[in-house]
Amino acid sequence: MQIPGLIDPVPVARDITPREDGRVDLIGLPRQRIAELFETAGLDAKAAKLRAKQVFHWLYHRGMTDIAKTMRPWLAERFVIGRPEIVLSQHSSDGTRKWLLKTADDHEYEMVFIPDADRGTLCVSSQVGCTLNCRFCHTGTMRLVRNLTPGEIVGQVMLARDALGEWPKAGQADLSALGDDLVDDDGGYSSDGRLLTNIVMMGMGEPLYNFDNVRDALKLVMDGDGLALSKRRITLSTSGVVPMMAKCGEEIGVNLAVSLHAVTKDIRDEIVPINRKYGLEELLQACADYPGASNARRITFEYVMLKDKNDSDEHARELVRLIKQYKLPAKVNLIPFNPWPGAIYECSSQERIRRFSEIVFEGGISAPVRTPRGRDIDAACGQLKTAAQKMSRAELDRLAEEKQAALG
Ligand code: SAH
Ligand code: SF4
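Notes on the structure in this doc start here.

About the criteria used
- Residues numbered from 1 in each chain as written.
- Chains lettered and ligands numbered in written order.
- Predicted model: local features only at pLDDT ≥ 70, side-chain atom pairs only at ≥ 80, totals over all residues.
- Heavy atoms only, no water.
- Helix = DSSP H or I, 4+ residues; strand = E, 2+ residues; numbered from the N terminus.
- Contact = heavy atoms within 4.5 Å.
- Polar contact = N/O pair within 3.5 Å; in protein donor to acceptor, adjacent residues only side chain to side chain.
- Near = heavy atom within 4 Å.
- Nonpolar A, V, L, I, M, F, W, Y, C, P; charged D, E, K, R; others polar.
- Core = buried A, V, L, I, M, F, W, Y, C linked by side-chain atoms within 4.5 Å.
- Buried < 20%, exposed > 50% of the residue type's maximum accessible area, 1.4 Å probe, protein only.
- Axes fitted to C-alpha atoms, helices over the stretch in contact; angles between N-to-C directions.
- Parallel < 35°, antiparallel > 145°, perpendicular 65-115°, else oblique.
- Left-handed = near helix turned anticlockwise from the far one by under 90°.
- Areas by Shrake-Rupley, 256 points an atom, 1.4 Å probe, with all protein chains shown as cover.
- Pairing = 2+ DSSP bridges.

Tracing the sequence through the fold places Arg83 in the loop between strand E2 (79–80) and strand E3 (85–91). Remark: the alpha-carbon pair of Arg83 and Glu152, spanning 69 residues in sequence, is separated by 7.8 Å. Apart from the residues lying within four places of it in its own chain, the contact partners of Arg83 are Ile27, Gly63, Met64, Thr65, Met158, Leu159, Asp162 and Trp167. A polar atom in the side chain of Arg83 sits 2.6 Å from the side chain of Asp162.

Moving on, we get to the site of ligand 2. By nearness alone, every residue bordering ligand 2 is listed as Cys130, Leu132, Cys134, Cys137, Gly140, Gly205 and Ser239. Of the residues belonging to the shell around ligand 2, the class tally is 4 nonpolar, 3 polar and no charged.

Glancing now at the nonpolar core. Residues Phe136, Phe301 and Val332 are the most contacted members of the largest nonpolar core, which totals 111 residues. Those residues in contact with Phe136, other than ones at most four positions away along the chain, are His261, Ile271, Val272, Val304, Leu306, Phe337, Trp340 and Tyr345. Core analysis: the second largest hydrophobic core is formed by 6 residues, Val112, Val200, Ile377 and Ala379 among them.

It is worth spelling out the packing of helix H1 (residues 31–40) against helix H2 (residues 45–60) at this point. Two numbers describe how H1 lies on H2: the axes approach to 8 Å, and their chain directions differ by 130°. Considered as vectors, H1 and H2 are oriented oblique to each other. H2 is crossed by H1, and the crossing has right-handed handedness. Every residue of H2 that contacts H1 at Arg31, Ile34, Ala35, Phe38 and Glu39 is listed here: Ala45, Ala48, Lys49, Arg51, Ala52, Lys53, Val55, Phe56 and Leu59. Per-class residue counts for the contact of H1 with H2 are 9 nonpolar, no polar and 5 charged.

To continue, consider the site of ligand 1. In the region of ligand 1, 21 residues are neighbours, and Phe136, Gly205, Ser237, Ser259 and His261 sit closest. One of the side-chain N or O atoms of Ser237 is found 2.6 Å from an oxygen atom in ligand 1. The separation between an oxygen atom of ligand 1 and a polar side-chain atom of Ser259 is 2.6 Å. For ligand 1, whose free accessible area comes to 530 Å², the fraction covered by protein is 95%.

Attention now moves to the sheet that holds strand E4 (residues 97–102). Reading across the sheet, the 9 strands line up as E3-E4-E5-E6-E9-E10-E11-E12-E13 and stay open at both edges, with mixed pairing between neighbours. Of all the strands in the sheet, just E3 and strand E13 (330–336) have a single pairing partner and so form its edges. Sheet twist, expressed as the mean angle between neighbouring strand axes with direction ignored, is 20°. Bridging between strand E11 (residues 255–259) and strand E12 (residues 299–305) involves 3 bridges; their strand directions are parallel. Among the inter-strand pairings, Ala257 is bridged to a residue of E12, identified as Thr300.

Put into structure tokens, the structure is as follows:
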């Protein structure tokens, strides 16, 4: 089987999805590409470069959504500024918000905003569905529909800023679009007053199987003239696509989270089947080699707590041993399992999770228990799956078999 993400390392100009009206969506294109398009539209090279810089600033710094407002008819005739279409927007009782979005070719995907006392985290999707099949993850029961484009990935961040009223000029006027929970509570956010302070690539999909698009989108998010979010505030989570990890550190440079979830081959093979392809030793070595990891920028190991599966004292001690053996600057995030209809696992008891956490802490490694957020709207980890894609148990079993056969 060809591994998605490793198909063609040669840089090629990205295809632009044609719109029926022939205009081109500027969102998701690098500045240089915008300049090229302006040149094709008739500007001389210098003017095209200047105009591209200006438009880039409008798009990503000011959050402009309507090109006609630029009062430049030649722009409006040829280009548009797209946003993913919102199918549904939901609020959890804990302040978490989830949006069901739709691509122009009618595929649904989701993003989630999680407000906390000191930060606001946007959980961004990289694919519609997932080719992998982690046994505890709802998204894993979906067929991969397709990779999201850079525009659809960065578009999630743009949309969240729209909804949170976070563009410099839109500012206060847009606050009415927020739920009361967020408006009343905005005093406690980050020092620069922003609601959206962090991004995690932990929505639907395996980001390292859509490497180029994720990289291009995150470059736009990090660009100082645009959204200007620091790489230190962005975390990419992978289930362990070992051959892409170094490239991720070198070319994107964001924080790394690894969905470890088990410390023995047998258990990881079962619950995170990519382990059969890239085993624990290889994975931990790739973590040790991850560019930019240090005690100040630790790798996060995500560990979902599954009752009687991966949650014993021995597992906790083995986790500590492995982290020490590979000398990893690491922290562990213990995630209580979020159940979903048809799931074959249960969440470990609170007492078990507490004990597991203690053992890891006693080993000198931070291991907080993550509080599940947005459970009432199915926005918690692993619950992201669109209604349109819900399948029968028989279909799910068949899919699981197909995927496992493909992983060989
Ligand atoms: N595909 C990537 C990123 C998306 S999943 C990855 O697997 O890392 C984000 C995190 O949620 C992963 O650690 C994933 O293992 C975890 N997760 C998935 N299903 C879950 C569930 N039902 N309960 C708790 N965590 C879950
Ligand atoms: Fe895919 Fe991540 Fe879910 Fe595994 S946990 S099936 S890699 S989204």
